[in-house]
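Listed below, chain by chain, are the residues.
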Amino acid sequence: MSADATKMEKIVSLCKRRGFIFQSSEIYGGIGGFWDYGPLGVELKRNIKEAWWNDMVRNPPTGPSGRDLQMVGVDCSIIMNPKVWEASGHATGFADPMIDDRETKQRFRADQLIGLWKIKEIPKSEFSGLENQNIFEFSVSPPEFTSVAISVREAAEEFEKILRKERKQGVFEYRWIKQVSYLGGEVALMAAAPKREQQETICLWYARKIMLDELTSQADLIPSPYTGKIGNLTQPRQFNLMFKTHYGAMEDASSLAYLRPETAQGIFANFKNVCDSSRVKIPFGIAQVGKSFRNEINPRNYTFRSREFEQMEIEFFCHEKDSMMWWEWWRNVRINWYKTLGLKSENLRPRNQDEKELAHYSKACTDIEYMFPFSDEPQELEGVAHRGCFDLTQHQTHSGKDMSYFDDESKERFTPTVIEPSAGADRSTLAFICEAYTVDESRPSPEIMRFHPRLAPIKAAVFPLVNKEGMPEIAEQIYRDLRKHYACQYDPKQSIGKRYARMDEAGTPFCFTVDGQTLQDGTVTVRDRDTGQQERIDKGNCLLFLREKLNLE
RNA sequence: GCGGGUGUAGCUCAACGGUAGAGCGUCACGUUGCCAACGUGAAUGUUGACGGUUCAAAUCCGUUCACCCGCUCCA
C-alpha cells in the first residue's frame, strides 16, 4: 500500500459525501469500471472541459512564430463505420489473443506464432529416407525452442538464416526444407541440417504453429520473435477491448459496430471535410471532447482507469519539416496548461517516451504524468504524440480517398504530419481533485478543496449571518444577481461556521456574508477559502469582486 | 486474468451464533451576531446480493457482485 493510501481513502470518502463522484448503478451492486459525477462533480468536470476548450480552441495560445494558432472543433459520433477501426489498427489489436514482448513493447497475434524447434541430433547414417518419414516421429522430449516467428514465411526465412550462418562457418550445409500438413491442415515446415560432418551427425528441426495452450503453459520458455530472448513474453490474452454493439434492428454480422475507443479517428475521418469547409490552412488543429470506451482488462484506482471515459483531444496538422518544432511547442503548452490551473510542478511529471515505448510510426511522445496518492508511480494524464502521417495514410489506403493537402504558397502536395495532444478529462478531473484536497488541522474544518477559482464547482456562496432581521432578503438579492453569471449557492441555515466548512469541502473560493453592519452601511464580508481571512466590500460590488478574482490566471 | 483483503446508516466504524448500535453528518424547531457552537427532537439499515447450515446468521459455509492491496496490463 502506498504511503498516501489513507489520503486517497479520505478523498474518495469526501467525493461521495459531498456529491463529486458516485459509483455507477450503486443500488444494484455497482458495475466495474463505471462512475457517475454528482452535483459538484459535474460542475467541476464541465469547468475543466470548458477551460480546455476555451484555452485550446476559442482562445488558443499564440503560435511559436508569433502568429495566431488556427484551431477548430468537431463533435463526432461515437459509433463509426467499422472500417475505421480496421484502418486505425484497433480492430485486429483489440479482437485477437495477443502477446506482448515486455522488452520491446511489441504486440503481436498469438495465434499466428510459428515456433522453430530443434528436435534432436541423429547419426548421419540414419538420415537417408528421412524425407518420407513423419518428422514428429523423431520428436524427443522436450524439443528445444530455438526461434519464433510471426508468420510461416518469416519462419522459413529465420530457418534459412540460421543455416546460412552455420554455412558461413564452413561446417554446415542444409539439405532440405519442406512443408507438410499438421494438425487440421495447418502448415508446418520440416527441415534437417547436416552437422559436423566429421562427427557424422545431423540435426533435425521443425517449425509449426504454436498452439494457444502451449503459449499459455510455456510462456516462460518461448523466445521472443523480435529479440530471441527467453522470458520476455506475456501470456496470450484475449483483447476484446472494443465495446461491441449493433446498429439497426437486425442483430447480425453485417450490423456489427463498435463504440469508439478514442475520439481521434472522428477527427482524421473528417480531415477533408474540415479543410473544405472552414478555410483552415496548415498548420492548424482540430479539437474534440467526447466519450470513449475501452474494455479495460482491470479497471482500478477509482475513476482513473474507467471503461467509459472522456477525452479532450487535439490533432494538429503540420508539415513534416516543422513537426518536431510543433511537437515540442505543444508539449510545453500542455504542461503549462495544467500548471496554470493549479497542478503543482512537483506532482506533474512530463516524461519523454524512449524509443522502445514509441509506436513504430511515432517519432516522439511525451506522457504528462501525475503523482496520484493511490500510486507510487506517476500516472498518465495526457500523451503528446508525434504520429507522423500514419493515421491519414492509413485512412487513405483503407478508404481509397485522397487525404493529401495542397499548400497554395509552396505549390507542394503532401500528407500532413500529426501532433496529437490527447488528454483524459476524467483523469484530469481526478488529478485536480487530488491536488485540491488539503488538510489543515489548525482549522475547525480541516478538510479543504483548494480548486483553482476557474475550476471550482461553486464560485461563491451567499449567507445571511442570521436568518432574520432583513439579512436573508439582502443576501437573497445578492445571490440572484450573482447566479446569472456564476455557479453560486445561497444558504441561510445553521451556524455560520458549519456553512463555511461545507463550502471549504466543496472548494468554493469565496463566501459573501450579510451581517448587522450590512444593514447600516451596505457592506458585506468576503471570506477567502484558503486563508479564512475576511474583508468588507460594498454589497453592490460582489459581482465585480468575483469577476476580478476569477479572471486571474 | 492470478493471489490476498474488505463489504453493517450519507461518512467513519462497533456489535463473542441470541432484540442491529455509536460518533459525525443530514433534517426540523429554538437559540445564536463570523468559523463543523449550544439545546430539544427526527429520519435513515431486508448488515452488498443469492443460496445453505442452525431453534436462531451481520457473525459459520458456498456462490456471486463491487471495492482495496500486490502481480499483470494499460493498444
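So, here's what we can say about the structure. (Residues numbered from 1 in each chain as written. Chains lettered and ligands numbered in written order. Predicted model: local features only at pLDDT ≥ 70, side-chain atom pairs only at ≥ 80, totals over all residues. Heavy atoms only, no water.)

Along the chain, E535 falls in strand β28 (residues 534-538). Discounting chain neighbours no more than four positions away, the residues touching E535 are V524, T525, V526 and F545. (Helix = DSSP H or I, 4+ residues; strand = E, 2+ residues; numbered from the N terminus. Contact = heavy atoms within 4.5 Å.)

Take the packing of helix α1 (residues 5-18) against helix α11 (residues 425-436) next. Relative orientation of the contacting elements α1 and α11 amounts to 110°, with a least axis distance of 11 Å. Of the possible angle classes, the one that applies to α1 and α11 is roughly perpendicular. Mapping the contact onto sequence places K7, M8, I11 and C15 in α1 and L430, I433 and C434 in α11. For the contact of α1 with α11, the per-class residue count stands at six nonpolar, no polar and one charged. (Axes fitted to C-alpha atoms, helices over the stretch in contact; angles between N-to-C directions. Parallel < 35°, antiparallel > 145°, perpendicular 65-115°, else oblique. Nonpolar A, V, L, I, M, F, W, Y, C, P; charged D, E, K, R; others polar.)

Scanning the model with the defined rule gives zero disulfides in all. For C76, which is in no disulfide, the shortest distance to another cysteine sulfur is to C275 and amounts to 14 Å. The cysteine C318 is free of any disulfide, with C389 supplying the nearest cysteine sulfur at 11 Å. When its relative accessible area of 0% is taken as the criterion, C318 is described as buried. (Disulfide = S-S within 2.5 Å. Buried < 20%, exposed > 50% of the residue type's maximum accessible area, 1.4 Å probe, protein only.)

Within the secondary structure, A431 is located in helix α11. Between the C-alpha atoms of A431 and G470, which are 39 residues apart in sequence, the distance is 42 Å.

As for its placement among the helices and strands, S306 is situated in the loop between β14 (284-293) and β15 (308-318). In terms of polar contacts, S306 uses its side chain to reach the backbone carbonyl oxygen of T303, at 2.9 Å. With sequence-adjacent residues up to four places away left out, S306 is seen in contact with G33, W35, R294 and E296. (Polar contact = N/O pair within 3.5 Å; in protein donor to acceptor, adjacent residues only side chain to side chain.)

This part takes up helix α10 (residues 390-399). Looking at α10, one finds that the buried residues are F390, D391, L392 and H395. Along its buried surface, α10 packs onto α3 (83-88), α7 (264-269), α8 (271-278) and β15. Following α10 by one or two positions, G400 adopts a phi angle in the positive range, close to 75°.

I282 connects to P283 through a cis peptide bond whose omega is 5°. Note on placement: P283 falls in the loop between α8 and β14. Even without a glycine there, the phi angle at Q494 is positive, about 70°.

Spatially, seven strands are ordered β3-β14-β15-β21-β18-β17-β16 in an open sheet, and the strand pairing comes out mixed. One side of each edge strand has no neighbouring strand; the edge strands of this open sheet are β3 (71-73) and β16 (348-352). Averaged over all pairs of adjacent strands, the angle between strand axes in this sheet comes to 20°, irrespective of strand direction. Relative to strand β18 (residues 379-386), strand β17 (residues 364-370) is paired through seven bridges, and the arrangement is antiparallel. Counted as the bridge partner of D367 is G383 from β18. Helix α2 (residues 39-58) contacts β3, β14 and β15 of the sheet and is inclined by roughly 160° relative to β14. The sheet strands contacting helix α9 (residues 323-340) are β3, β15, β16, β17, β18 and β21 (417-424), and the helix crosses β18 at an angle near 155°. (Pairing = 2+ DSSP bridges.)

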